[in-house]
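Listed below, chain by chain, are the residues.
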Amino acid sequence: MARLCDATLAALPADVARPGYDRRRASIGVVHLGVGSFHRAHQAVAFDDLLASGDPRWGLSGASLVRPAMRDALAPQDGLYALLVRDGGGTRPRVVGALRELLVAPEAPGAVVARIAAPDTRLVTLTITEKGYDDDGPGGAVALLAAGLSARRAAGLGGLSLLSCDNLSRNGARLHARLRASARASDPALADWIDACVACPGTMVDRIVPSTTDADRAEAAARLGVDDAWPVAAEPFTQWVVERRFAGEAPPLEAAGAQLVDDVAPWEAMKLRLLNAAHSSLAYLGASAGLATVDAAIAEPRLRAFVERLWSQAASTLPASVRGEAPAYGARLLGRFANPALRHRLLQIAMDGSRKLPQRLVATLLDARRAGLPHDAPLLAVAAWIRFCDGRDEAGGGLPLDDPLAARLRAAAAGDAASVARAMLAIDEVFGDAATDARLADDLAAALSTLRERGALAAAAMHGALSSRPSRT
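Residues numbered from 1 in each chain as written. Predicted model: local features only at pLDDT ≥ 70, side-chain atom pairs only at ≥ 80, totals over all residues. Heavy atoms only, no water.

K.L.:
Explain the overall build of the chain to me, please; I cannot follow it from the model alone.
P.N.:
On a plain count of helices and strands, the chain comes out with 22 helices and 11 strands. Computed over its C-alpha atoms, the radius of gyration of the chain comes to 23 Å, within 12% of the 23 Å expected for a compact globule of 473 residues. Considering only intrachain contacts with a sequence separation of at least 6, the fraction spanning at least 24 residues in the chain is 77%. Of the roughly 17500 Å² that the chain leaves accessible, carbon and sulfur atoms contribute 53%. (Helix = DSSP H or I, 4+ residues; strand = E, 2+ residues; numbered from the N terminus. Rg over C-alpha atoms; globule rule 2.2 N^0.38 Å. Contact = heavy atoms within 4.5 Å. Areas by Shrake-Rupley, 256 points an atom, 1.4 Å probe, with all protein chains shown as cover.)

Following this line, the structure appears as structure tokens:
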């Protein structure tokens, strides 16, 4: 079978949406670091829409920061790939054409730096996952950005807007702080230039994008009539909220469906503490109970009721400006989680828990305890993560622990419930100074004991039965 590429684009079936613009006229105006499935189902689609609107400035250069796999898959396809939008009504295929170049930073860091420094580059976006901001090294995203910005400054070019699109609280501020610290260590004048010429608006991104499977590749080939080495599947819903603060010309993101706001923090908090918190809770409770996907987990009545209780308790910790929207937001999430066509694997969501839990569940748990509010649901969810870290489900099968702190977590998760709770609380990357909260250690131990003795589903059904005392002040 022929391969998807520019030469085969015109011969695709009529029901396959495709770029409605001349790709040869699209200049590269955006550099994306960490090109992967989420980016290709989210930001790349927005820039594809801008190109289709007749604005040729928003072609993408995608840079992989670790492996060449994405470049190897898509370069023979001229950067084209299929987006399979799925819900209960079926699959709607679309070929996305915004990716005009694919780079691999470990192979050619200079090419990535040169692209950041290019006069036509107007924007840099990032999806480097939560751990990418903590584990950035000499060849990582922050170092590449600092080198690219240094080259722009030396060439007398203007600054840039840098958009972190990762699920991190205050992602823009965090990126700016890391970037400025990196520059200050080697070139204080560059740090000053970054302060004056570079903007890092906060953002919130939302679309459920499962990992690509061989079944996805087979469906893409059947629908397109050509092979696609790396299609991507996603739900119909998509959202991008961006802080209205740019360096130089603002990209016309509103024309591609983005929401520009003065303060993204409330939106960010609602997504992290409702959608992401529920995803993680379902992952750790559901996987321990032998469930495989989000739709299967939310169809389990005890887990659905648990998620609704989690949302009710988390909503009380949200900023007042969005608290009233939480019930409607949760109702919509239930429909998205139940989408039977996505097959979103719980073990995919369970990855990197030590980086995800602080903003998804631990912050809610600690805020509710300090305020004396009910919090048995986030308490149990955190205990379920601890239980997951010991590496066995309830039937005795193995559970993979794909986490940058895996060795420490495995060691801490072994032993009686009380010692495990204390050892886990001492991991400050996850719990901060909560190790000093003796009552929290007792409550986590009690929740962990319940999970071990009764199982995840029975524990989830114990509304209010788990201890949820406020912390001592």
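K.L.:
Could you clarify how one ought to interpret helix α10 (residues 265–288) in this entry?
P.N.:
Each α-helix winds once per 3.6 residues, and so residues spaced three or four apart point in a common direction. With 24 residues, α10 ought to run about 34 Å at 1.5 Å a step, and its terminal C-alpha atoms sit 33 Å apart, in line with that. Along α10, the helix axis deviates most sharply at A277, where the bend reaches about 35°. Extensive coverage of α10 is indicated by the burial of 22 of its 24 residues. Two residues or fewer after α10 comes G290, characterised by a positive phi angle close to 90°. (Expected span 1.5 Å × (residues − 1). Bend = angle between axes of the 7 residues up to and from the residue. Buried < 20%, exposed > 50% of the residue type's maximum accessible area, 1.4 Å probe, protein only.)

K.L.:
Explain the packing of α10 against helix α17 (residues 376–388) to me, please; I cannot follow it from the model alone.
P.N.:
Packed helices, taken two at a time, are described by the angle their axes make and the gap between the axes. Contact geometry for α10 and α17: axes closest at 9 Å, N-to-C directions at 50°. The angle between α10 and α17 falls in the class oblique. Seen along the crossing, α10 lies across α17 with a hand that is left-handed. Contact with α10, carried on its side by S281, Y284, L285, A287 and S288, involves L380, A381, A384, W385, R387 and F388 of α17 and no other residues of that element. (Axes fitted to C-alpha atoms, helices over the stretch in contact; angles between N-to-C directions. Parallel < 35°, antiparallel > 145°, perpendicular 65-115°, else oblique. Left-handed = near helix turned anticlockwise from the far one by under 90°.)

K.L.:
Sorry if this is basic, but what is going on with unusual backbone geometry here?
P.N.:
A negative phi holds for most residues other than glycine; trans holds for most peptide bonds. The phi dihedral of R170 falls on the positive side, at around 55°, and the residue is not glycine. Mapped onto the fold, R170 is located in the loop between β7 (161–164) and α7 (171–186). Here D352, not a glycine, exhibits a phi torsion of approximately 60°, which is positive. Here D352 is to be found in the loop between α15 (346–350) and α16 (353–370). For D352, a relative accessible area of 6% gives the class buried.

K.L.:
What is the right way to read the nonpolar core from this model?
P.N.:
Soluble globular proteins tend to bury their nonpolar side chains together. Residues F337, W385 and M424 are the most contacted members of the largest nonpolar core, which totals 76 residues. If one sorts the elements of this core by residue count, α10 sits on top with 11 residues. For M424, the contacting residues outside a window of four places in its chain are W385, I386, C389, L409, A412, A413 and F431. Within the second largest apolar cluster, 36 residues are counted, among which are M70, L74, Y81 and W240. (Core = buried A, V, L, I, M, F, W, Y, C linked by side-chain atoms within 4.5 Å.)

K.L.:
Looking at this model, I keep getting lost on the pairing of strand β8 (residues 203–206). Mind explaining?
P.N.:
Each regular strand displays side chains that alternate between the two surfaces of the sheet. By the alternation rule, side chains of β8 split into T203 and V205 and M204 and D206, which are all buried. As judged from the four bridges shared by β8 and strand β10 (residues 239–243), these two strands associate in the antiparallel manner. Bridge pairing in β10 links M204 to V241. (Pairing = 2+ DSSP bridges.)

K.L.:
Looking at this structure, how should I read the sheet that holds strand β4 (residues 90–96)?
P.N.:
For sheets, the rule is that strands pair by backbone hydrogen bonds, running either parallel or antiparallel. Pairing in this open sheet of three strands is mixed, and the strands run β4-β3-β9 from one edge to the other. Only two strands of the sheet have a single neighbouring strand rather than two, namely β4 and β9 (232–234). This sheet shows a mean twist of 25° between the axes of neighbouring strands, independent of strand direction. Bridging between strand β3 (residues 81–87) and β4 involves seven bridges; their strand directions are antiparallel. If you follow L84 over to β4, its bridge partner there is P93. In the packing of helix α3 (residues 43–52) onto the sheet, the strands contacted are β3 and β4, and the crossing angle to β4 comes to about 65°. Along the sheet, helix α9 (residues 214–224) makes contact with β3, β4 and β9, crossing β3 at roughly 105°.

K.L.:
Any chance you could explain the packing of aromatic side chains here in plain terms?
P.N.:
The geometry of two aromatic rings is summed up by the distance between their centres and the angle between their planes. All told, the structure shown has five aromatic pairs when counted by the stated rule. With a centroid separation of 6.1 Å and an interplanar angle of 85°, the aromatic rings of F47 and W240 are classed as edge-to-face. Of this pair, F47 sits in helix α3 while W240 sits in strand β10, placing them 193 residues apart in sequence. For the pair formed by F47 and W240, the shared burial category is buried. Through successive ring pairs, a cluster of aromatic residues spans F47, W58 and W240. Across from the ring centre of Y81, 4.6 Å away, lies the NZ or CZ of R40, which sits over that ring. One Lys or Arg, R217, reaches over the ring of W230 and ends 5.9 Å from the middle of that ring. (Phe/Tyr/Trp six-rings, centres within 6.5 Å; stacked < 30°, edge-to-face > 60°. Lys NZ or Arg CZ within 6 Å of the ring centre and 35° of its normal.)

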